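# Geometric and topological summary
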Amino acid sequence: MKLLIAVIQDKDSSRLSNALIKEGFRATKLASTGGFLRAGNTTFLIGVEDERIQQVLDVIRSNCKIRDQLVTPVSPVSGAADSYIPFPVEVQVGGAAVFVMPVERFEHF
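Positions within a chain are numbered from 1, following the residues in the order the chain's sequence is written. With the structure being a predicted model, the display of local features is reserved for residues of pLDDT at least 70 and the display and counting of side-chain atom pairs for 80 or more, all residues being used for whole-chain, interface and lining totals. Computation of side-chain values: all heavy atoms of the structure, hydrogens and water removed.

Where an unreviewed UniProt entry is consulted, the protein appears under the name Transcriptional regulator, with the organism given as Cohnella fermenti.

## Description of the pattern of salt bridges
When a carboxyl oxygen of Asp or Glu lies within 4 Å of a side-chain nitrogen of Lys or Arg, that pair is called a salt bridge. A full pass over the atoms with the stated rule returns 4 salt bridges. With a closest N to O distance of 3.4 Å, Lys2 and Asp50 form a salt bridge. Here the residue Lys2 occupies a position in strand β1 (residues 2–9), and Asp50 occupies one in the loop between β3 (40–48) and α2 (53–63), the gap between them amounting to 48 residues. Type-normalised accessible area, obtained with a 1.4 Å probe on protein chains alone, sets the label of each residue: buried when under 20%, exposed when over 50%, and partly exposed for intermediate values. Of the residues examined, Lys2 reaches a relative accessible area of 21% and is grouped as partly exposed. Overall, the relative accessible area of 37% leaves Asp50 in the partly exposed class. In this structure, Arg105 and Glu107 form a salt bridge, with 2.8 Å as the shortest nitrogen-oxygen distance. For Arg105, a relative accessible area of 67% translates into the label exposed. Comment: elements are numbered from the N terminus, with helices defined as DSSP H or I runs of at least four residues and strands as E runs of at least two.

In structure tokens, the structure reads:
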């Protein structure tokens with residue numbers, strides 16, 4: 001058995017949740033915040049048997065899309081803030097960061 005920890009963008013959360021349920025997977029959703037853009041994420045905790053890992057990864061891949069987004073960088077911590085002019089920068093957001101971890105024991109009560 002494995003524990004998949006999938007960190008995804010909030011925009012993909014409902015779509016992924018529905019797709020996991022449709023495929024018979026149960027997951028726990030946690031609200032989280034990304035460090036780079038300080039934007040809302042959702043972290044899914046998914047327990048799955050070894051032989052179904054690829055199926056879960058396929059569901060995540062097909063429901064969590066990478067997209068381009070314009071962001072305005074925050075002002076530098078040190079230096080002259082009065083001369084800092086923020087310009088929007090296009091960055092890629094979305095997709096999924098998935099960690100697959102072994103589960104030593106699982107109990108359901």
